[in-house]
Amino acid sequence: MLSAKVPLEDLGDDRSVTPTYASRGLSEPVSRYEMPEHSMDPASAYQLIHDELTLDGNPTLNLATFVTTWMDERADQLMAETMNKNAIDWDEYPQTVELQDRCVNMLARLFGAPEHQTSMGCATVGSSEAIHLAGLAMKWRWRAAREAAGKPTDKPNLVMGANVQVCWEKFARYFDVEPRYVPLTEKRFIIGVDEAMALVDENTIGVVGILGSTYTGEYEPIAALSAALDERFAKDGVDVPIHVDAASGGFVAPFLQPDVAWDFRLPRVRSINVSGHKYGLVYPGVGWVIWRDEADLPKELIFEVDYLGGSHANFSLNFSRGASQIVAQYYNFIRLGKSGYREIMESLAATARWIGGELAKRSDLSMLAAASDLPVVCFGLAGKPGFSVFDLSALLRQRGWIVPAYKMAPDAEHIEVLRVVVREGLSRDLATELVHDIGAAIDELAAGHKVEQPTAPAGAPAPGHRRGATRVSKPRTAKKTRAVC
Ligand SMILES: Cc1ncc(COP(=O)(O)O)c(C=O)c1O
């Protein structure tokens, strides 16, 4: 989240947070954008913030996010116990390092890493950091090979579907790599193999395959991409690795679709990222990146850091980070085991299929995906009903449901859809209410109900808009508060 400093003179009477508990220690306004001169007692500060945060959406009803919103009590306890540990203090917290090592080992094996190779990996803040690290490794390896062959190294490119998550665009921009996007079509919402191959050349540092598109939850054809790249190598020697963005699918496919080869079982797959905080079932933020072999992670990217009493190998974009998510990931691994993850994923998929089946009964909806791969339901409006998916999303929000509406990626932007991500916490009981409320909202809109749209719909899953109904103060302009997430 990027926030801007607000000019105080523009604020008028919007300068302070005015408490309502007048006679209970909170009688003075609290400055909104300047640090208060004086302290207040913790109970008052807590109450003020606690109350203000009730304006946020309800995480259980937030069907926009893939990120975990519920963990069991023992996990909560372990996380609370380890919240004060910095995961980077290796010498002080060697056992936390040991737990990370065990997680990397378990993941490498879950993803089919061959025993004769030395897989490497690390915890990250999420898949975005993992993707930046994997992208850097691909760029460094490509450059070393080009230099060894006496060829120019000024034009690296990366081939991926236009449906990639924004972190891939960021990686390309921040690290000077030309992004080559395979456009979507009206019928194909993921990468096309032939189309991708047409973009590959000797400057391609890698091809990205997504295991679980953010837009529809579909798996990309990674085995087919791999076969096509093998063929290309045999034909003209262009040897391009695959990175699998398994942000969501990395904890789904091994349990629901174990026979689908998308991982290190394919020799061309050199690295994989996965979000521990998505279907890894840990609160935000933890991700993982795993390289098939140490040769896939160039040594120049690894820093030997002397810090607080010891020297350690480090590859990360940030330095300090909380240890509790790593601990919680390990807890899930041993607490649930493979059978526990399988049971949960099967149950989520069953709920998603049920929601999809119920929605498919309506002639005013068109289904795009219903747990075909990830436990995600993606649907649009059939025909021209006189209202949009954005209206439907806004009306559902009034009931508390957060169901994002968005346009597909280029060149399928004219297709507008809604998406429900089924996570732990969305019981069949709540799903029944959801299906009912979607139907009721459609009927209301079809009867001419108008919904106020707070902002113009953007191309990506809608960020949490502030809805007029719950706000008393006037809405802020982009000039006053610029926040991007
Ligand atoms: C396919 C894909 N890749 C990467 C990301 C970024 O993941 P994170 O939020 O863990 O940084 C997402 C997030 O939704 C995603 O769906």
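Note: the structure precedes this text.
Summary of the structure given here. Because the structure is predicted, anything quoted here is derived from the model rather than measured.

1. Some details on the overall build of the protein chain
Next up, step 1: Within the protein chain, the regular secondary structure consists of eleven helices and 15 strands.
Next up, step 2: The buried share among the 485 residues of the protein chain stands at 40%.
Next up, step 3: Of the contacts made within the protein chain by residues no fewer than 6 positions apart, 69% connect residues no fewer than 24 positions apart.

2. A short note on the packing of helix H4 (residues 127-148) against helix H5 (residues 166-174)
Next up, step 1: Contact geometry of H4 with H5 gives a least axis separation of 9 Å together with a crossing angle of 40°. By the angle between their directions, the pair H4 and H5 is classed as oblique. Once H4 is placed against H5, the crossing between them reads as right-handed. Facing Ser127, Ser128, Ile131, His132 and Gly135 of H4, the residues of H5 in contact are Cys167, Trp168 and Phe171.
Next up, step 2: Residues of the contact of H4 with H5, tallied by class, amount to four nonpolar, four polar and no charged.

3. Notes on the sheet that holds strand S3 (residues 120-124)
Next up, step 1: Judged by pairing direction, the sheet is mixed, and its seven strands sit side by side in the order S3-S9-S8-S7-S6-S4-S5 without closing on themselves. Lying at the two open borders of the sheet, with one neighbouring strand each, are S3 and strand S5 (178-182). Neighbour-to-neighbour, the strand axes of this sheet turn through a mean angle of 20°, independent of strand direction.
Next up, step 2: Relative to S5, strand S4 (residues 157-161) runs parallel, the two being bridged by five bridges. By the bridge assignment for S5, asparagine 157 is matched with glutamate 178.
Next up, step 3: Docked against the sheet, H5 engages S4, S5 and strand S6 (204-210), running at close to 150° with respect to S5.

4. A closer look at the site of the ligand
Next up, step 1: Around the ligand, the structure places 13 residues, and the nearest of them are Gly126, Ser127, Ser128, Thr214 and Ala247.
Next up, step 2: When the residues that make up the shell around the ligand are grouped by side-chain class, the tally is four nonpolar, eight polar and one charged.

5. Notes on the sheet that holds strand S14 (residues 405-407)
Next up, step 1: The four strands are arranged S12-S13-S15-S14 in an open sheet whose pairing can be described as antiparallel. Taken across any chain shown, the strands that pair with only one partner, and hence form the sheet edges, are strand S12 (365-370) and S14. Averaged over neighbouring strand pairs, the angle between their axes works out to 30° when direction is ignored.
Next up, step 2: The strands touched by helix H9 (residues 324-360) within the sheet are S12, strand S13 (376-381) and strand S15 (416-421), with S12 carrying the most contacts at an inclination of about 160°.

6. Focus on helix H10 (residues 389-398)
Next up, step 1: Counting buried positions over the ten residues of H10 gives nine, a clear majority of the element.
Next up, step 2: For H10, the set of buried residues is Val389, Phe390, Asp391, Leu392, Ser393, Ala394, Leu395, Leu396 and Arg397.
Next up, step 3: Structurally, H10 contributes buried residues whose contacts are with S13, S14, S15 and helix H11 (428-446).
Next up, step 4: Where H10 terminates, the next one or two residues include glycine 400, which has phi positive at roughly 110°.

7. Here we look at the packing of H9 against H11
Next up, step 1: Close contact between H9 and H11 brings their axes to 10 Å; oriented N to C, the two are set at 25°. Here H9 lies roughly parallel to H11, going by the angle between them. Taken as a pair, H9 and H11 cross one another with a handedness that is right-handed. From H9, Thr351, Trp354, Ile355, Glu358 and Leu359 reach across to H11, where they touch Arg428, Ala431, Leu434, Val435 and Ile438.
Next up, step 2: A per-class count over the contact of H9 with H11 returns seven nonpolar, one polar and two charged.

Each value, and the rule that gives it
Residues numbered from 1 in each chain as written. Predicted model: local features only at pLDDT ≥ 70, side-chain atom pairs only at ≥ 80, totals over all residues. Helix = DSSP H or I, 4+ residues; strand = E, 2+ residues; numbered from the N terminus. Buried ≥ 20, exposed ≤ 12 C-beta atoms within 10 Å, placed from the backbone. Contact = placed C-beta atoms within 7 Å. Axes fitted to C-alpha atoms, helices over the stretch in contact; angles between N-to-C directions. Parallel < 35°, antiparallel > 145°, perpendicular 65-115°, else oblique. Left-handed = near helix turned anticlockwise from the far one by under 90°. Nonpolar A, V, L, I, M, F, W, Y, C, P; charged D, E, K, R; others polar. Pairing = 2+ DSSP bridges. Near = placed C-beta within 6 Å.

Function cannot be read off these values alone, since they describe shape.
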